[in-house]
Amino acid sequence: MARDAMTEFDHGIDTAVVTGATGDVGSWVCDRLADAGTKVVGLDREKPAGTRSHLSVRQVDLRDAGETWESVHETDPDAVVHCAAISNPLDNPGTRVFENNTASTYNALVAAGRTDAEVVWLSSQATYGALFAAHDWVPDYLPIDEDHPHRPQDPYGVSKVCSEEIAKMVARRYQVPVTTIRATTIHTPDAHRTRPPREDASLDSDDASGNFGSYVDVRDVARMVEAALAADRDGYEAFLCVADENYLGPPTAEIVESICGALPERCDLEGKESALSNAKARAELDWVPVHSDVAADEEFSVPAWR
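As the structure is a prediction and not an experimental result, all values here were calculated from the model. (Residues numbered from 1 in each chain as written. Predicted model: local features only at pLDDT ≥ 70, side-chain atom pairs only at ≥ 80, totals over all residues. Heavy atoms only, no water.)

A. Looking closely at helix 6 (residues 252–260). Looking only at helix 6, the buried set comprises Thr252, Ile255, Val256 and Cys260. Along the long axis of helix 6, the arc covered by the buried residues comes to 110°, so they all point the same way. Glycine 261 sits one or two positions beyond helix 6 and adopts a positive phi of about 85°. (Buried < 20%, exposed > 50% of the residue type's maximum accessible area, 1.4 Å probe, protein only. Helix = DSSP H or I, 4+ residues; strand = E, 2+ residues; numbered from the N terminus. Arc of directions from axis to C-beta.)

B. A look at the sheet that holds strand 4 (residues 79–82). Pairing within the open sheet is parallel, and its seven strands lie in the order 3-2-1-4-5-6-9. For this open sheet the edge positions go to strand 3 (55–59) and strand 9 (236–241), each flanked by a neighbour on one side alone. Sheet twist, expressed as the average angle between the axes of neighbouring strands with direction ignored, equals 20°. As defined by bridge partners, strand 1 (residues 15–19) adjoins strand 2 (residues 39–44) across five bridges and the pair is classed as parallel. Residue pairing for strand 2: alanine 16 is matched across the bridge by valine 40. In this fold helix 1 (residues 26–35) packs onto strand 1, strand 2, strand 3 and strand 4, with an angle of close to 170° to the strand it touches most, strand 1. Contacts from helix 4 (residues 155–174) reach strand 5 (118–124), strand 6 (178–183) and strand 9 within the one sheet, and its direction differs from that of strand 5 by about 160°. (Pairing = 2+ DSSP bridges. Axes fitted to C-alpha atoms, helices over the stretch in contact; angles between N-to-C directions. Contact = heavy atoms within 4.5 Å.)

C. The arrangement of the pattern of salt bridges in detail. For the structure on display, the rule yields 16 salt bridges. Among the ionic pairs, glutamate 8 bridges to arginine 32, the shortest N-O distance being 3.0 Å. Highlighted residues: glutamate 8 in the segment before strand 1 and arginine 32 in helix 1, separated in sequence by 24 residues. One salt bridge connects aspartate 220 with arginine 223, and the closest N-O pair in it is separated by 2.8 Å. With aspartate 220 and arginine 223 both in helix 5 (residues 218–230) and three residues apart, this pair spans about one turn of that helix. As far as burial versus exposure is concerned, aspartate 220 and arginine 223 are alike and both buried. Taken together, the shared-partner salt bridges connect Glu8, Arg32, Asp220, Arg223 and Glu226 into one network. (Salt bridge = Lys/Arg side-chain N within 4 Å of Asp/Glu carboxyl O.)

What follows is the structure, encoded as structure tokens:
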């Protein structure tokens, strides 16, 4: 297939399925892949209002194994990028969050494995437990990395822990590469540009939550998807996807201490350095975040077709 443009990460993917294609993350992933000439087949519960080149969208309920398998099998993709999920356990019943996320992940990833497609999918920092913690939670060490224990206290976090086990199973059973992108709070430039770092941020307000001010721009998430697809490896790996600094402004150790009530004995944070580390992605995927939450004058285009 003739590609439209050189990609930053040369993944060589001709055809990709992207779930959650019309969502806040999936739509940017679709655009990133389609802009480079990849044939993208999006799966979502609703069809988008518009269209664009190199993208078609099928109306699929990922909780239905038959619909999911049929759609992936007929597409016969080189890769499946699974972005679909219910991410808010505060405004949705826990059973809905857990059942939707685990069933959709199982169906999408198993369908990918059965068609010998590479898998990249989105997990969450919520697996660690701080994001929606109902009771005291203190990290074992800082910065948090991929090896930090998972102690979720909410249905979303535990749904992602279970889904990571599904991902490992798919890598073992079907012998396909599976990459978990464990994203922090995702900011989109069109809708979430209202919280630049500010030195006077109140650590007693809702600004300070269990993400410790950690975030990542959705465009950097889409870039990590490409970086994962370009990586020449087998088996299963997980990578944190996070910007270098917190978006609140104060030193990150102060933010963590304010939220958790204490700091772990091992705390190697400097200044505004993110509470979660992107060192593994830098070293193994050659990925670094390039979009800042404070670049208010930065030009960008949004997925206008969704």
